[in-house]
There are 2 protein chains.
Amino acid sequence: MAYRSRLAPIARRVSTPGLLRAALASNSGPAVLRCVSNTPMRRFQDSAPRRGNFTTDSYPEIKRDPRFSQITAEHVAYFRDLLGKDSALVDGVTANVSSDDMEPYNGDWMRKYRGHCKLVLKPASTGEVSKILKYCNDNMLAVVPQGGNTGLVGGSVPVFDEIVISTSRMNQIRSFDEVSGVLVVDAGVVLEIADQFLAEKGYLFPLDLGAKGSCHIGGNVATNAGGLRLLRYGSLHGNVLGLQAVLPNGTIVDDLCTLRKNNTGYDLKQLFIGGEGTIGMITAVSIQCPQRGKAVNVAFLGADSFEKIQLAFREAKSQLSEILSAFELMDSYSQDMVHRVRQNKRPLDSEHPFYCLIETTGSNSEHDAEKLEKFLEDVMSKDIIANGVLAQDETQIKSLWSQREGITECVGHFGGTYKYDVSIPLKDLYRLVDDTRERIEAAGLKGDTEEFPVVEVVGYGHMGDCNLHLNVAVRRYDKRVEEVLEPFVYEWIGKINGSISAEHGIGIAKKKYLGFSRNDTMIDLMKQVKKLYDPNGIMNPYKYI
Amino acid sequence: MAYRSRLAPIARRVSTPGLLRAALASNSGPAVLRCVSNTPMRRFQDSAPRRGNFTTDSYPEIKRDPRFSQITAEHVAYFRDLLGKDSALVDGVTANVSSDDMEPYNGDWMRKYRGHCKLVLKPASTGEVSKILKYCNDNMLAVVPQGGNTGLVGGSVPVFDEIVISTSRMNQIRSFDEVSGVLVVDAGVVLEIADQFLAEKGYLFPLDLGAKGSCHIGGNVATNAGGLRLLRYGSLHGNVLGLQAVLPNGTIVDDLCTLRKNNTGYDLKQLFIGGEGTIGMITAVSIQCPQRGKAVNVAFLGADSFEKIQLAFREAKSQLSEILSAFELMDSYSQDMVHRVRQNKRPLDSEHPFYCLIETTGSNSEHDAEKLEKFLEDVMSKDIIANGVLAQDETQIKSLWSQREGITECVGHFGGTYKYDVSIPLKDLYRLVDDTRERIEAAGLKGDTEEFPVVEVVGYGHMGDCNLHLNVAVRRYDKRVEEVLEPFVYEWIGKINGSISAEHGIGIAKKKYLGFSRNDTMIDLMKQVKKLYDPNGIMNPYKYI
Ligand SMILES: Cc1cc2nc3c(=O)[nH]c(=O)nc-3n(C[C@H](O)[C@H](O)[C@H](O)COP(=O)(O)OP(=O)(O)OC[C@H]3O[C@@H](n4cnc5c(N)ncnc54)[C@H](O)[C@@H]3O)c2cc1C
Ligand SMILES: Cc1cc2nc3c(=O)[nH]c(=O)nc-3n(C[C@H](O)[C@H](O)[C@H](O)COP(=O)(O)OP(=O)(O)OC[C@H]3O[C@@H](n4cnc5c(N)ncnc54)[C@H](O)[C@@H]3O)c2cc1C
């Protein structure tokens, strides 16, 4: 068969050489714990030496809201008394906390946003959150809910001296029902930990993303995170069955329903999904989890144009259908970046302008192998795909995924990233990257040496959901780059009715561009909701809406 | 193989006899247009002679809100002028419309609720809806949005003289994207018509229910309908990508997004999904549609206890996994009822206390057949399933489905039905039916002759979603029956933290029992939302919350 010879690299690379089919079939057996990385995520503790600018410097137009109180020793005493133990606070108000200790809460993952936080509270229960918020609301103290602090729009860190309320101590798995697959967790449970727990039960968390080793489920829900398998398992708006949240006035919204269906009134929990901590703090989540597929296959393919990748996607949808669990796009620039930073061997022995990673997940490894084999045969014999490899074991699966999941981190390696996470109709998806690269080059901002701020313009993303990540890797954040990029990118998106934020949210980064995706009526209606729940505006101020 | 002999009835019944595998494999070919019935739904026009009581008689405690105006000739003149043509109104105010013409809008599907409506408006566009609502709001005229009027909780018909705003003239399919599978329709498009349209494109509407021949997509979204395949395709909260709606003050909420991902602010559309016309009128919907499976298989199985049906469900989830598209439960009482009303041949040649209908949908008929075959072999050899048949062609698929879909109608055949549509943890699911039957019998209300109000107590439902339909078939609605049933059923549900309404909603039927599924805080928060959007309370009054 034609594709066999073309996929020959597989045979060269695998530990147990063999034909495609045999290799695929060997993939059976117990649930494969695919995507759990062994290395912990980069955390701020490790990167203290390189700090970003203060947000107040990059956004001088944002002024501290004078209605908010300054934090006093009396406030701190109240919180210390409430939380009971010293480890539940990071107190830079009355104690002499080093700025290194405060940095993990003040600086964001991209080192792009940085606040002046002086007090971090780590409640251990919904009741404590309720008392904290009520006190803050009564005393006009502004707060920022914080989960794993992996958010990419500056939403998770303060701008001025807002109090950070971290979910890190609310980290219990509350219950799991092995018949219905419904999991109930505290907001501070790390996504990867929940998924590992589920793996042992033969289930899967219906969300997976590169930051899984650090992000909290509360943060995922607050950002309505999309991730790598939305294509297959759908969005959190459909999968979250219930939640517990606390409103700024201390009211506990107890909607921790574990039923798949419950049509008893307005579905208010939906407002907290993607609410980015602006109307309340999520303290627990219940979510329906699918069964873990017994067979997982991953292929990494190269194609010679974006048109061909689109064709491959159509074929995958049609032929792999119910077993398709991911279809990820990567351009050559993104892969060059990974290679440059990690100095690793590339998956393919040839280079192509575009790559895609295809994952299938199903209950029968032979059936899946047959479908995938037929699909690969088809796309290779029709010259849609130029070259490809297929993972033969779990290690290879991980290694192929890391070519995709590692992009975010590698792109950021040089100093920083301008990140755009947008939804665009499929046919236009990549054009934005080309247009942006052209503009950056025309402005003379991109080059190989230190004087050029821009290292590269790369595109990748969740193609199955028409979700592109346009990343501009920079050596430093630079106003000139920003001016070339914005509002250009947003206008581009606005013109084709795309979304300026597919999954990362608004935070501070996109607040002023919301109008490119939402009309005035919608924005007014959103403001009504904000006002209804948070009349004093203490929840995550200066952001979102 | 053991099960072959036990499934022998299949071979006897099929037109082209043959072994199971062969028959299954023959199911391949183009997308199967399974569930589209040829006979139109029963409509009110056909059943005019039998009318229910006025809701005002059954619920004497509900008083007309004196803030609402009486409809005058002047109001009618405004609407006539606005809508332009006579056929856009059913005018019982200034014209002499027969009560037969008004009945389809006044009486509900169950003949349980009946209003005193004198004016029906049929706008043709969102703009017209906006003008109507603004005028009504300014003039304190109460309204009831109405789609296909198939709702089962009395939400779709007026109580007093509320104006019915029907979506029947807003029935255009606006667009369909063959790459992304995103469909945009007017609110008044009949579900079955949309699904037929999609079938031609190889796609499927991600919702299917017995009333598909009559219900409107706007009504489906307004009730957050669940239906037969939620198990596979998930809820409307996940599948609806956008909508257009009009608020009582005439504001057009234009959120007709067609992107799979769009994290730009609070997801306000979610409030309209399941809002039952109490905060605004939905005028268009955009929804993501999955590809239509090329292979569909349906099996109808009998089991000797509810425990065994549960075991079968577990096995189906595990073995059929990604191809399982429905798992429906039916008790023997429900099947006796269908048999009694339709006088049809039963699918099995033996009788059992419980039956289930299993549907698989996939992209490869041989793979699916193999999985199903193995599953059937397993459950029959382990004595989980006692007997079963497997559809061999489309006609048989339809006929098996009609054993399940026909229940609602057959149960209503004798005069009326007390309907409870509840979510209950799986293990307790059927206990409610037994307990209810026991109570009804103990009260001496059930019997074979006319003096007994109750014909039978039956249980069926979407087992895959833990969603039970408890139906009490009656010869007439009777206070004594009601008193035995309520609050008993709701208390029962409340005790096990179930939901008093899994999918049908609240309407008027469950308004006063909401407290069994929602705490006071939640109800207060819902009232806030109602007040925010509909401060005059003109939208679907006396209902919901
Ligand atoms: C390497 C990498 C890959 C990523 N990949 C993806 C991806 O594929 N898809 C995707 O959608 N996102 C992705 N992200 C971004 C994504 O938003 C986050 O990783 C994640 O969802 C945020 O969770 P967190 O716990 O870190 O939240 P944080 O960053 O701590 O907070 C995010 C926002 O939510 C609010 N918040 C946090 N916790 C709560 C709470 N309990 N209650 C109320 N509000 C709260 C915060 O105030 C903030 O506004 C990625 C990030 C990284 C670093
Ligand atoms: C035989 C049968 C089987 C059924 N099976 C199921 C099932 O499996 N699953 C399930 O969930 N339901 C089922 N139902 C009930 C279900 O709620 C409805 O069939 C359907 O979703 C309602 O649509 P409709 O257009 O008939 O709405 P209607 O009955 O006209 O209205 C229902 C409610 O929505 C409101 N509404 C209608 N249109 C709009 C609009 N455009 N904007 C705002 N509000 C609006 C009305 O005011 C009312 O409160 C069944 C009903 C029947 C008769």
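Just so we're clear, the structure is a prediction, and the values are computed from it rather than from any experiment. (Residues numbered from 1 in each chain as written. Chains lettered and ligands numbered in written order. Predicted model: local features only at pLDDT ≥ 70, side-chain atom pairs only at ≥ 80, totals over all residues. Heavy atoms only, no water.)

## A short note on the overall build of chain A
Helix and strand counts for chain A stand at 21 helices and 16 strands. A buried classification covers 65% of the 545 residues belonging to chain A. Entry remark: accessible area of chain A is about 18900 Å², with carbon and sulfur atoms responsible for 49%. Placing the 64 positive and 68 negative side-chain charges of chain A at their respective mean positions leaves the two points 0 Å apart. (Helix = DSSP H or I, 4+ residues; strand = E, 2+ residues; numbered from the N terminus. Buried < 20%, exposed > 50% of the residue type's maximum accessible area, 1.4 Å probe, protein only. Areas by Shrake-Rupley, 256 points an atom, 1.4 Å probe, with all protein chains shown as cover. Lys, Arg positive; Asp, Glu negative; His and termini not counted. Charge placed at Lys NZ, Arg CZ, Asp CG, Glu CD.)

## Quick look at the sheet that holds strand β14 (residues 416-423) of chain B
Residues and elements named next belong to chain B. Here seven strands make up an open sheet; going across it, the order is β13-β10-β12-β11-β15-β16-β14 and the pairing antiparallel. Only two strands of the sheet have a single neighbouring strand rather than two, namely β13 (387-390) and β14. Across the sheet, the mean angle from the axis of one strand to that of its neighbour is 15 degrees, orientation sign disregarded. Its contacts with the sheet put helix α14 (residues 332-342) on β10 (295-303), β11 (324-331), β12 (354-362), β15 (454-462) and β16 (467-474), and the angle it makes with β15 is roughly 115 degrees. (Pairing = 2+ DSSP bridges. Axes fitted to C-alpha atoms, helices over the stretch in contact; angles between N-to-C directions. Contact = heavy atoms within 4.5 Å.)

## Description of helix α5 (residues 73-83) of chain A
All names here are of chain A. Looking at α5, one finds that the buried residues are H75, V76, F79, L82 and L83. For α5, the angular spread of buried residues about the axis comes to 125 degrees, placing them on one side. Across from the buried face of α5, at angles greater than 90 degrees, the exposed residues are E74 and D81. Looking at the buried positions of α5, the neighbouring elements they touch are β1 (89-91), β2 (119-121), α7 (126-138) and β4 (163-166). (Arc of directions from axis to C-beta.)

## Focus on the site of ligand 1
Residue and element names in this part refer to chain A. Around ligand 1, 36 residues are found, and the nearest of them are P145, G148, T150, G151 and E503. One nitrogen or oxygen atom from the main chain of N149 is found 2.8 Å from an oxygen atom belonging to ligand 1. Separating a nitrogen atom of ligand 1 from a backbone N or O atom of I282 is a distance of 2.8 Å. Where the shell around ligand 1 is concerned, the elements lending two or more residues are β3 (143-146), α9 (217-222) and β9 (281-288). A per-element tally of the shell around ligand 1 places α9 first, with four residues. In terms of residue class, the shell around ligand 1 is made up of 11 nonpolar, 23 polar and two charged. (Near = heavy atom within 4 Å. Polar contact = N/O pair within 3.5 Å; in protein donor to acceptor, adjacent residues only side chain to side chain. Nonpolar A, V, L, I, M, F, W, Y, C, P; charged D, E, K, R; others polar.)

## Here's the deal with the interface of chain A and chain B
One frequently used descriptor of interface size is the decrease in accessible area upon assembly of the parts. Listed by partner, the interface residues are 81 residues for chain A and 81 residues for chain B. For the pair chain A and chain B, the summed buried area comes to about 6600 Å², and 56% of that belongs to carbon and sulfur atoms. When the area that chain A buries against chain B is broken down by residue, the three leading residues are K261, N263 and Y266 of chain A, summing to 16%. Note that D255 of chain B is salt-bridged to R518 of chain A, the shortest N-O span being 2.8 Å. Taken together, chain A and chain B are joined by 45 residue pairs in polar contact (both at pLDDT 80 or more). (Buried area = accessible area lost by both parts, 1.4 Å probe. Salt bridge = Lys/Arg side-chain N within 4 Å of Asp/Glu carboxyl O.)

## Points about the sheet that holds strand β7 (residues 240-246) of chain B
Residues and elements named next belong to chain B. Read across the open sheet, the five strands follow the order β5-β6-β9-β7-β8; overall the sheet is antiparallel. Sheet topology places β5 (173-177) and β8 (252-255) at the edges, where each strand pairs with a single neighbour. Across the sheet, the axes of successive neighbouring strands diverge by a mean angle of 10 degrees, strand direction being ignored. Judged from the five bridges that link them, strand β6 (residues 182-186) and strand β9 (residues 281-288) form a sheet pairing that is antiparallel. Residue V182 lies in a different strand from β9, and its bridge partner there is Q288. Helix α8 (residues 191-200) contacts β5 and β6 of the sheet and is inclined by roughly 35 degrees relative to β5.

## Remarks on the site of ligand 2
Residues and elements named next belong to chain B. In the region of ligand 2, 36 residues are neighbours, and P145, G148, T150, G151 and E503 sit closest. At 2.8 Å, a backbone N or O of N149 approaches an oxygen atom of ligand 2. Compared with its free state, where it exposes 960 Å², ligand 2 has 98% of that area covered by protein. When residues of the shell around ligand 2 are traced back to their parent elements, those giving at least two are β3 (143-146), α9 (217-223) and β9. The element best represented in the shell around ligand 2 is α9, accounting for five residues. Considered class by class, the residues forming the shell around ligand 2 number 11 nonpolar, 23 polar and two charged.

## Comments concerning the relation of the copies chain A and chain B
Between chain A and chain B, the superposition needs a rotation of 180 degrees and an axial shift of 0.0 Å, giving an RMSD of 0.0 Å. Here the copies are linked by what is in effect a two-fold axis. For chain A, the minimum C-alpha distance to the rotation axis belongs to G238 of chain A and amounts to 2.0 Å. Of the residues that chain A buries at the interface, 100% are likewise interface residues in chain B, meaning the two copies contact each other through the same surface. (Least-squares fit on C-alpha atoms with pLDDT ≥ 70 in both.)

## Notes on the pattern of salt bridges
This structure, assessed with the given rule, holds 72 salt bridges over all chains. Two residues, R431 of chain A and D428 of chain A, come together in a salt bridge whose shortest N-O distance is 3.3 Å. On the basis of relative accessibility, which here comes to 39%, the residue R431 of chain A falls in the partly exposed class. As a salt-bridge pair, D91 of chain B and R80 of chain B come within 2.7 Å of each other at their nearest N and O atoms.

## What to know about the packing of aromatic side chains
Residue and element names in this part refer to chain B. Under the criterion given, the structure shown has 40 aromatic pairs over all chains. Consider the rings of Y78 and Y135, whose centres lie 3.8 Å apart with planes at 5 degrees: the pair is stacked. Placement of Y78 in helix α5 (residues 73-83) and of Y135 in helix α7 (residues 126-138) is noted, with a sequence separation of 57 residues between them. Given a relative accessible area of 29%, Y78 falls into the partly exposed group. Accessibility expressed as a relative area gives 14% for Y135, which makes it buried. (Phe/Tyr/Trp six-rings, centres within 6.5 Å; stacked < 30°, edge-to-face > 60°.)

## Section: the side chain of E405 of chain A
Residue and element names in this part refer to chain A. Secondary-structure assignment places E405 in helix α16 (residues 394-405). Look at E405 and you get buried, because its relative accessible area is 19%. In terms of polar contacts, E405 uses its side chain to reach the side chain of K212, at 3.0 Å.

## Notes on the pairing of strand β5 (residues 173-177) of chain A
All names here are of chain A. Pairing of β5 with strand β6 (residues 182-186) involves four bridges; the strand directions are antiparallel. Bridged to I173 within β6 is V185. Hairpin remark: β5 followed by β6, antiparallel, with four residues in the connecting loop; positive phi at G181, about 75 degrees.

## A look at the pairing of strand β14 (residues 416-423) of chain A
All names here are of chain A. For β14, the buried fraction is high: eight of the eight residues fall into the buried class. Across eight bridges, the pairing between β14 and strand β16 (residues 467-474) is antiparallel. The residue of β16 that forms the bridge with K419 is N471.

## Details of the packing of helix α15 (residues 365-381) of chain A against helix α15 (residues 365-381) of chain B
Closest axis-to-axis distance for the α15 of chain A/α15 of chain B pair is 11 Å, and the angle between their directions is 180 degrees. On the basis of the axis angle, α15 of chain A is roughly antiparallel to α15 of chain B. Residues H367, E370 and K371 of chain A of α15 of chain A form the contact with α15 of chain B, whose participating residues are H367, E370 and K371 of chain B. Its residues placed into classes, the contact of α15 of chain A with α15 of chain B shows no nonpolar, two polar and four charged. (Parallel < 35°, antiparallel > 145°, perpendicular 65-115°, else oblique.)

## Overview of the confidence of the model for chain A
Scored by pLDDT, chain A has a mean of 90; 91% of the residues are at 70 or more. Long-range and interchain partners of residues 1-49 of chain A, a stretch whose pLDDT sits below 50, account for 115 contacts in this model, where long-range means more than four residues apart. (pLDDT = per-residue confidence, 0-100.)

## Topic: helix α13 (residues 306-319) of chain A
All names here are of chain A. For α13, built from 14 residues, the straight-helix expectation of 20 Å at 1.5 Å per residue is met to within 8% by its first-to-last C-alpha distance of 20 Å. All buried positions along α13 are accounted for by F306, I309, Q310, A312, F313, A316, K317 and Q319. Check the buried side of α13 and you find it contacts β10 (295-303), β11 (324-331), β12 (354-362) and α15. Positive phi appears at S321, one or two residues downstream of α13, with a value of about 40 degrees. (Expected span 1.5 Å × (residues − 1).)

## Describing the packing of helix α13 (residues 306-319) of chain B against α15 of chain B
All names here are of chain B. Where α13 meets α15, the axes come as close as 10 Å, and the angle between the chain directions of the two elements is 150 degrees. Between α13 and α15, the interaxial angle falls into the category roughly antiparallel. The crossing of α13 and α15 is right-handed. In this structure, α13 contributes A312, E315, A316 and Q319 to the contact, and α15 contributes K371, K374, F375, D378 and V379. A breakdown of the residues in the contact of α13 with α15 according to their chemical character gives four nonpolar, one polar and four charged. (Left-handed = near helix turned anticlockwise from the far one by under 90°.)

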